[in-house]
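Per-entry structural report
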Amino acid sequence: MKLYDFTIAPNPRRVRIFLAEKGIDVPLESVDIRGGGARTPEFLEKNSFGGIPVLELEDGTCIAESVAICRYFEELYPDPPLFGTTAVEKAVIEMWLRRVELNFMVPTGMVWLHGNPLTATVVKQIPAVADQYRERIHRTYKLFDQQLQTHSFFVGEHYSVVDAVALASIDFARGLVGEPFDDNLEHLSRWHNDVSNRDSAMA
């Protein structure tokens, strides 16, 4: 078993954080996505969409997409439960995963593509698109802050996969994309400080 990884990319980091929370050790193999490593014919046989992370099992089965990989390990190692235990917990966690993905990570990706010099050779950049999605990022930051006003973590009082996904996504937005949240979002700031100080955040 091995996990194809790239240190600075947000999606592989989600999985590394999740595995660290579970106490699971998986060998990592770095793929230089900046140099086209995920687009080689050999790698496209593992993931035809040409992205990382990819988990390759001992029988050659390859599982792509960060949350899918996390679900695989949740089934194998249910403790501690990071996808919930009751029907309500599982549904609410799924709801927040979708919200983080669709309302935050998608806009962040659009700003990355259309507003960053590093991606100018990847797409025909449209600055107005980046501006539009910047507004959505900061609107979602405020919604995150509202949720965290009454919750220690995104879904209640226990760390879940949502916190791992949100941390990796928000750090990507704050860092490479250059869209940090405002300091006056005190609940989001408190959460970010708390989860960043967990050992798993260093994974």
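Residues numbered from 1 in each chain as written. Predicted model: local features only at pLDDT ≥ 70, side-chain atom pairs only at ≥ 80, totals over all residues. Heavy atoms only, no water.

Side note on the packing of aromatic side chains
Selection rule: Centres within 6.5 Å make a pair out of two Phe, Tyr or Trp rings, where for Trp the six-membered ring is used; the pair is then stacked when the planes are under 30 degrees apart, edge-to-face when over 60, and tilted otherwise. Each residue is placed in one exposure class: buried if its accessible area under a 1.4 Å probe, protein chains only, is under 20% of its type's maximum, exposed if it is over 50%, and partly exposed if it falls in between. Here, a charge over a ring means that NZ of Lys or CZ of Arg falls within 6 Å of the ring centre while also lying within 35 degrees of the ring normal.
Taken as a whole and assessed by the stated rule, the structure comprises 12 aromatic pairs. Here Tyr 72 and Phe 73 contribute two aromatic rings whose centre-to-centre distance is 5.3 Å and whose plane-to-plane angle is 75 degrees, an arrangement assigned as edge-to-face. Judged by relative accessible area, Tyr 72 falls into the partly exposed class, the value being 24%. Pairing Phe 153 with Tyr 159 gives two aromatic rings, centres 5.8 Å apart and planes at 75 degrees, and the pair type is edge-to-face. Like Tyr 159, Phe 153 is buried. Connected via pairs of aromatic rings, a cluster forms that spans Trp 96, Phe 104, Tyr 141, Phe 144, Phe 154, Phe 181 and Trp 191. Lying across the ring of Trp 96, Arg 99 places its NZ or CZ 4.8 Å from the centre.

With respect to the layout of surface pockets
Applicable threshold: The distinction between a cavity and a pocket rests on a 1 Å grid over the protein atoms alone: a 1.4 Å probe fits inside a cavity but cannot get out, while a pocket stays open yet meets protein on both sides within 12 Å along at least five of seven lines, and a residue with an atom within 4 Å of a point counts as lining. Grid points are joined across faces, edges and corners, and a volume is the space filled by probe spheres set on the points. Helix and strand definitions follow DSSP, with helices as H or I runs of at least four residues and strands as E runs of at least two, each counted in order from the N terminus. Polarity classes work like this: nonpolar for Ala, Val, Leu, Ile, Met, Phe, Trp, Tyr, Cys and Pro, charged for Asp, Glu, Lys and Arg, and polar for all others, with Gly in that last group.
Within this model, the largest pocket holds a volume of roughly 1,400 Å³. Taken together, 38 residues form the lining of the largest pocket, with Pro 10, Asn 11, Ile 33, Ile 52 and Trp 112 sitting closest to its centre. When residues in the lining of the largest pocket are grouped by element, the largest group, 10 residues, is from helix 4 (residues 87-115). For the lining of the largest pocket, the class distribution of residues is 22 nonpolar, 8 polar and 8 charged.

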